[in-house]
Amino acid sequence: PEIVGMTITDAKALCTDSDLVLDTANVTYQLTEDTEKGVIISVSPKENEEVEKGSRVTITVSSGIGIRAKDYTGMNIREAEEDLSQYKYMNISTEEEDNPSVESGTVIRQEVLAPDTLFNPATSCDSRLVFASYPTIVIPETILNMTLEEAHQYLEGLGASVLDSNLDMSSFSDEEKANLPTGVVINTEPAAGSEYTQREDNFILLYYY
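What comes next concerns the included structure. Nothing here was measured: the structure is a model prediction, and the numbers come from that model. (Residues numbered from 1 in each chain as written. Predicted model: local features only at pLDDT ≥ 70, side-chain atom pairs only at ≥ 80, totals over all residues. Heavy atoms only, no water.)

**Looking at empty space enclosed by the protein**
The line we're drawing: We place a 1 Å grid over just the protein atoms. Points where a 1.4 Å probe fits but has no way out form a cavity, open points with protein on both sides within 12 Å along at least 5 of 7 lines form a pocket, and any residue with an atom within 4 Å of a point lines it. Grid points are joined across faces, edges and corners, and a volume is the space filled by probe spheres set on the points. When residues are grouped by polarity, Ala, Val, Leu, Ile, Met, Phe, Trp, Tyr, Cys and Pro land in nonpolar, Asp, Glu, Lys and Arg in charged, and all others, Gly among them, in polar.
By the definition in use, this model includes one cavity of 30 Å³ or more. Put simply, the largest cavity is a space of about 40 Å³. Surrounding the largest cavity, Arg68, Ala69, Lys70, Tyr72, Asp83, Leu84, Tyr87, Leu113 and Phe119 form its lining. When grouped by side-chain class, the residues that make up the lining of the largest cavity number six nonpolar, no polar and three charged.

Pasting the structure below:
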């Protein structure tokens with residue numbers, strides 16, 4: 001009988017009427033792109049195939065409508081994470097990998113949830129993104145007391161983005177102001193001597209008078 005598109009209950013009744021046995025103990029469940037959960041999507045033997053009375057019929061049933069995983073290769077890691085985070089039950093893990101031939105922060109490959117794989121957005125699912133590592137430096141303590149121009153050249157030469165911040169001098173007397181070292185690096189954020197990773201939207205801040 002033609003049972004594709006039916007529920008298991010209805011298909012079982014129709015098979016019984018045809019002197020066939022629907023194997024409900026070994027049902028295969030599979031995600032689909034367009035068939036609601038619980039509906040039969042394929043049958044073996046095939047529909048309208050002639051078989052002996054009493055034959056066993058096995059079925060594959062939709063476990064729900066799935067979504068095809070995108071291919072995030074070549075995308076920035078943050079954009080990829082943001083896109084995956086729209087799925088409430090998605091568990092996202094990331095891993096850095098040295099790859100000088102690829103721009104820092106670019107997804108090199110995705111694991112566990114392969115591109116074009118159907119997944120159920122209503123259940124827990126894992127995805128791991130491997131991306132090209134960002135450059136990491138140690139901010140040298142010798143940066144302190146450098147002129148702003150020297151500090152910029154030095155840090156930018158190491159691949160870091162740099163911004164300046166003028167310190168407030170309003171609480172100082174004229175005499176104190178006259179003795180302040182001006183135009184040189186007084187402090188940094190992150191602090192000099194600490195490790196700094198250059199990502200798209202962060203920078204080293206140089207404080208000066």
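**As for the pattern of salt bridges**
Selection criterion: Salt bridges, as used here, are contacts in which a Lys or Arg side-chain nitrogen is within 4 Å of a carboxyl oxygen on Asp or Glu. Runs of E in the DSSP output that reach at least two residues are strands. Runs of H or I that reach at least four are helices, and both are numbered from the N terminus. When accessible area is computed with a 1.4 Å probe and restricted to protein chains, residues below 20% of their type maximum are described as buried, those above 50% as exposed, and intermediate ones as partly exposed.
The tally for this structure, following the rule as stated, stands at nine salt bridges. One salt bridge connects Arg109 with Glu97, and the closest N-O pair in it is separated by 2.8 Å. Placement of the pair is Arg109 in strand β7 (residues 107-111) and Glu97 in strand β6 (residues 90-97), with a sequence separation of 12 residues. A residue is classified by how much of its surface remains accessible, and Arg109, at 32% relative accessible area, is partly exposed.

**Some words on the sheet that holds β6**
The condition that has to hold: Here the rule is simple: two strands pair whenever DSSP picks up at least two bridges between them. Axis definition: a line fitted to C-alpha atoms, over the contacting stretch in the case of helices. Angles run 0 to 180 degrees between N-to-C directions.
Taken in spatial order, the three strands of this open sheet run β6-β9-β7, and their pairing is mixed. Either end of the sheet is taken by a strand with one partner, and the two such strands are β6 and β7. Within this sheet the neighbouring strands show an average axis-to-axis angle of 20°, counted without direction. Summarising the sheet, β7 and strand β9 (residues 125-132) pair through four bridges and their orientation is antiparallel. Paired with Arg109 across the bridge in β9 is Val130.

**Re a negative patch on the surface**
What counts, and what does not: Like charges are joined within 9 Å and nonpolar side chains (Val, Leu, Ile, Met, Phe, Trp, Tyr) within 5 Å, but only among residues with over 30% relative accessible area and no salt bridge; these make up the patches. Each accessible area is a Shrake-Rupley result for a 1.4 Å probe, and residues are judged covered by the shown protein chains and nothing else. Here the positive residues are Lys and Arg and the negative ones are Asp and Glu; neither His nor the chain ends is included. Charged side chains are reduced to one point each, which is NZ for Lys, CZ for Arg, CG for Asp and CD for Glu.
Taken together, Glu79, Glu82, Glu103 and Glu200 make up a surface patch of like negative charges. Assignment of secondary structure puts Glu79 in helix α2 (residues 77-84). Glu79 gets classed as partly exposed once you look at its relative accessible area, which sits at 49%.

**Let's talk about the pairing of strand β4 (residues 56-65)**
Here strand β1 (residues 21-22) pairs with β4 via two bridges, running parallel. Following the sheet pairing, Val21 is matched in β4 by Arg56. Relative to β4, strand β2 (residues 28-32) is paired through four bridges, and the arrangement is parallel. Directly across from Gln30, in β4, lies its bridge partner Ser62. Note that strand β3 (residues 40-44) and β4 share four bridges and pair antiparallel. Bridge assignment links Ser42 to a residue of β4, and that residue is Thr60.

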